[in-house]
Amino acid sequence: MSFAKPTTLSREQVAEFEREVNAIRDGVMNHLGQADVDHMRNMIHVSRASEIGGRALLHFGLGPLSWVAGVLALANAKILDNMEIGHNVMHGQYDWTGDPALNSQTFEWDIACDGEQWRHSHNVTHHTYTNILGKDRDLGYSLLRMTDEQKWKPRHWFQPLANLMLAMGFQYGVGSHDLEIGRYKHGAMPKAEFKARLDRFLTKVGKVWFKDYLLFPALALWSAPRVLAGNFCANLIRNLWTYLIIFCGHFTEGVAIYREEDTRKETRGDWYIRQLSGSSNLTGGRLFHIMSGHLSHQIEHHLFPDMPAHRYPEVAPQIQALCRKYGLFYNTGSLFRQYATVMKRILTYTLPPKRVPV
Amino acid sequence: MPHTSPPATQLQTPVALRRDGIVRLAHGVNAPLVAALRHPWVESIVRLSAVEDALAALHPLLSLTQVRARVVRVNDETASTKTFVLQPNALWLGAQAGQYVRVQMEIAGRRVERSYSLSSRPGSRHLAITVKRQDQGLVSRHLHDKVKVGDVLTISQALGEFSMPVDLPGKILLLSAGSGITPVMAMLRDLQGRRYQGDVVFLHVCHMPDDLIFARQLAAIAGEFAELSLVVHYSTAEGRFSPEALALEVPDLAQRSTWMCGPIGFMDVVAAYWHAQGLAAPLFSERFVAAPLLPSTAHGTPVQVSLLNGSATFTTQGTEPLLVQAERAGLSPKHGCRIGICRSCQCVKTSGTVENLQTGELSSTPNELIRLCVSMARSDVVLAL
């Protein structure tokens, strides 16, 4: 895996590509309406009903079957709250509605990642500097080596294990991401700043732990162990699922990685091409797209981060047609196939680079 | 947006609070409950919006944070004017005659707000707003064409300083034109309700008898309320209303404390006459201005940007976006990507016209969310930073 080659498109073609992508965007954004906000409210209702149902089954259910059903319902609620609701609302996809409950800058979700820190690490850093090595901190999450350009260190022998740990505790990985521990260790961040970020993160972790591992188990009285285990498993399922979807969005084979110096004079058209080449899609049905928060349309999401996500399936064929026209690679495949290439990359870069004969 | 000319201090009257049992209970319980639900640790367990939705599902008027009102009756006043009689929930704190409410609605997924004067008598069981249908008016058309009995509207508490004092003057003129009749109608009802013993002239200007809003009610009040002299000036038949006509109709104008509401042109003419004649009696007016599309200046024309809290005002230079302009003026607004992606710099533009630098679109909508990094001021702008 090496850096993206400069595009073979001429400047005029890039400009034309930009115009065509903008036109696709306008085609949707100029026609947002009741159906969009109804979809989001519907998702919120489903998530709430699922949470109430799941917790009720865990608290009052009898036997292992109701426990499993409770775990699945609660996991479903958490996944929806995370992906289709939280992630999309916090991108500002519903700011146009003027509904304070859907305001990107004040929304807070049920996950160990503080909303404000997420808005910074994700909306600002990742979406602006997507796949620029050294700038996009989502590239390997400062934990995994995903490309030749990252220097191999002995700790990378443990990369498969680190990957598994990250998958199981994904919400803590995401939550601690904006701490930028590496920068702090290298002295690039003042201690006070780091302390403030750490406090914010720990407070949020405290809140979700208090809720899932103290308050609700305590309310369940003698069923406390059942509820505690159920909440833990629901969180675990959510962690694994979000990890799976997100890793398939940027770490599949064929995703381009950029050098900072190559992106300094980017036009909007260049930015579109970088977003397109740096993302990969997953194929599936409507339910699968919803459960992935429509991050199965990672390409469309990176082109139009503030477009209501349930519109991505509608624009995807247009983007795909545009890619054919301009000879750009539209990276898509099944979850199984895409994740296999992610694992291949993780394992490949576990090994130190072969010495190149001089 | 209505706005009034006299300073608030002249008009201090205690807000007439409805204090029956259930309301008192609701208010006593409500504030601490909302404060508790807004606590970040409680919010992380159950969101206030979830509680509100659950309450609304139980009963559409139930809310901890919003005044909601059910439409109990819709009266046709004229061919283009309807009165919506509303039953508010327990959060409603009451109003003084002359005040207005902001009515909030969701139309095609977007929240929109408009201000309407209350025409009902303060302290009455129901509220009433009277709305003229504007052919281009998003909200007035929605109210006229879609809203029916049984629907629930979200409204603000009563707002505005256009009201009458506790100690009423001996002679009063209530002067209105067109749909400006609504707040002075509330005042007239209030005077009748307070058994006003002085002398009141109610002078209204409209085109023709078919355009007279509240025709029936005015006739009824005139029959019961001996202190009232009711004058309607029909401009189609009697000619355009002028200050001279006013002086003719109301010879003792100089002694009458006057409350006035109507189109801007009408009120400007009356106010100019008032000052030119040096009339001693106070003149209070309520100005209703529909959200105007402010004329946009050419690219690069310096314009004034001010912050809503009054902490800073600066003049723009060149065509850079507002974020750069604010930073150049020594401010440091929150920001992130600076290219319109992350929305960190999003804030409310209270008034003014801005151009979206990504789409070239101009917008003058008041109280709208804008991203500073991709917005250029095209008129004087007020930001809630």
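## So, the confidence of the model for chain B
All names here are of chain B. Of the residues in chain B, 92% have a pLDDT of 70 or more, and the chain-wide mean is 88. Within chain B, the lowest mean pLDDT, 40, falls on strand 1 (residues 2-4), and the highest, 97, falls on strand 3 (residues 81-88). Confidence over residues 1-18 falls short of pLDDT 50; this stretch has 38 contacts with residues more than four positions distant or in other chains.

## Details of the pairing of strand 7 (residues 152-155) of chain B
Residues and elements named next belong to chain B. Here strand 2 (residues 67-78) runs beside strand 7; their pairing, made up of four bridges, is antiparallel. Among the inter-strand pairings, Val67 is bridged to a residue of strand 7, identified as Ile155. Examined bridge by bridge, strand 4 (residues 100-107) and strand 7 share two bridges and lie antiparallel to one another. Bridge pairing in strand 7 places Gln104 opposite Thr154.

## Some thoughts on the interface of chain B and chain A
At the junction of the two partners, chain B supplies 19 residues and chain A supplies 27 residues. When contributions to the side of chain B that touches chain A are tallied by element, the ones reaching two or more residues are helix 2 (40-43), helix 3 (48-58) and strand 5 (110-117) of chain B. Residues of the side of chain B that touches chain A, tallied by class, amount to nine nonpolar, six polar and four charged.

## Structural notes on the domain arrangement of chain B
In terms of domains, chain B is made up of domain 1 (2-155), domain 2 (171-288) and domain 3 (304-384). The gap between the C-alpha centroids of domain 2 of chain B and domain 3 of chain B is 42 Å.

## Looking at unusual backbone geometry
Of note, the phi angle at A:His294 is positive, near 65°, even though the residue is not glycine. Within the fold, A:His294 resides in the loop between helix 11 (286-291) and helix 12 (298-303). With 26 C-beta atoms packed within 10 Å, A:His294 lands in the buried category. Its identity as a non-glycine residue notwithstanding, B:Arg343 has a phi of 70°, on the positive side. Tracing the sequence through the fold places B:Arg343 in the loop between helix 10 (322-328) and strand 15 (346-351).

## Points about the nonpolar core
Core analysis: the largest hydrophobic core is formed by 51 residues, its most contacted members being A:Met40, A:Leu74, A:Leu80, A:Val89, A:Tyr94 and A:Phe247. Elements represented by at least two residues in this core include exactly helix 2 (34-60), helix 3 (63-90), helix 6 (170-176), helix 8 (191-219), helix 9 (224-250) and helix 14 (335-348) of chain A. The element that contributes the greatest number of residues to this core is helix 3 of chain A, accounting for eleven residues. Excluding residues within four positions of it along the chain, A:Tyr94 makes contact with A:Val37, A:Met40, A:Val89, A:Asp99, A:Leu102 and A:Pro308. By size, the runner-up hydrophobic cluster in this structure holds 49 residues, among which are B:Val67, B:Val101, B:Ile129 and B:Trp259.

## Concerning helix 8 of chain A
If you check helix 8 of chain A, its first and last C-alpha atoms are 39 Å apart, about what 29 residues at 1.5 Å a residue would give, namely 42 Å. Considering only its buried residues, helix 8 of chain A is in contact with helix 2, helix 4 (115-128), helix 6 and helix 9 of chain A together with helix 2 of chain B.

## Re the sheet that holds strand 2 of chain B
Residue and element names in this part refer to chain B. The strand order across the open sheet built from six strands is 5-4-7-2-3-6, with neighbouring strands paired in antiparallel fashion. The strands lining the two open edges of the sheet, one partner per strand, are strand 5 and strand 6 (127-132). Ignoring strand direction, the axes of neighbouring strands in this sheet form an average angle of 40°. Alignment of strand 2 against strand 3, held across eight bridges, turns out to be antiparallel. Each residue of the ladder has a partner; that of Asn75, found in strand 3, is Thr83.

Each value, and the rule that gives it
- Residues numbered from 1 in each chain as written.
- Chains lettered and ligands numbered in written order.
- Predicted model: local features only at pLDDT ≥ 70, side-chain atom pairs only at ≥ 80, totals over all residues.
- pLDDT = per-residue confidence, 0-100.
- Helix = DSSP H or I, 4+ residues; strand = E, 2+ residues; numbered from the N terminus.
- Contact = placed C-beta atoms within 7 Å.
- Pairing = 2+ DSSP bridges.
- Nonpolar A, V, L, I, M, F, W, Y, C, P; charged D, E, K, R; others polar.
- Domains from an automatic or database assignment.
- Buried ≥ 20, exposed ≤ 12 C-beta atoms within 10 Å, placed from the backbone.
- Core = buried A, V, L, I, M, F, W, Y, C linked by C-beta atoms within 7 Å.
- Expected span 1.5 Å × (residues − 1).
- Axes fitted to C-alpha atoms, helices over the stretch in contact; angles between N-to-C directions.

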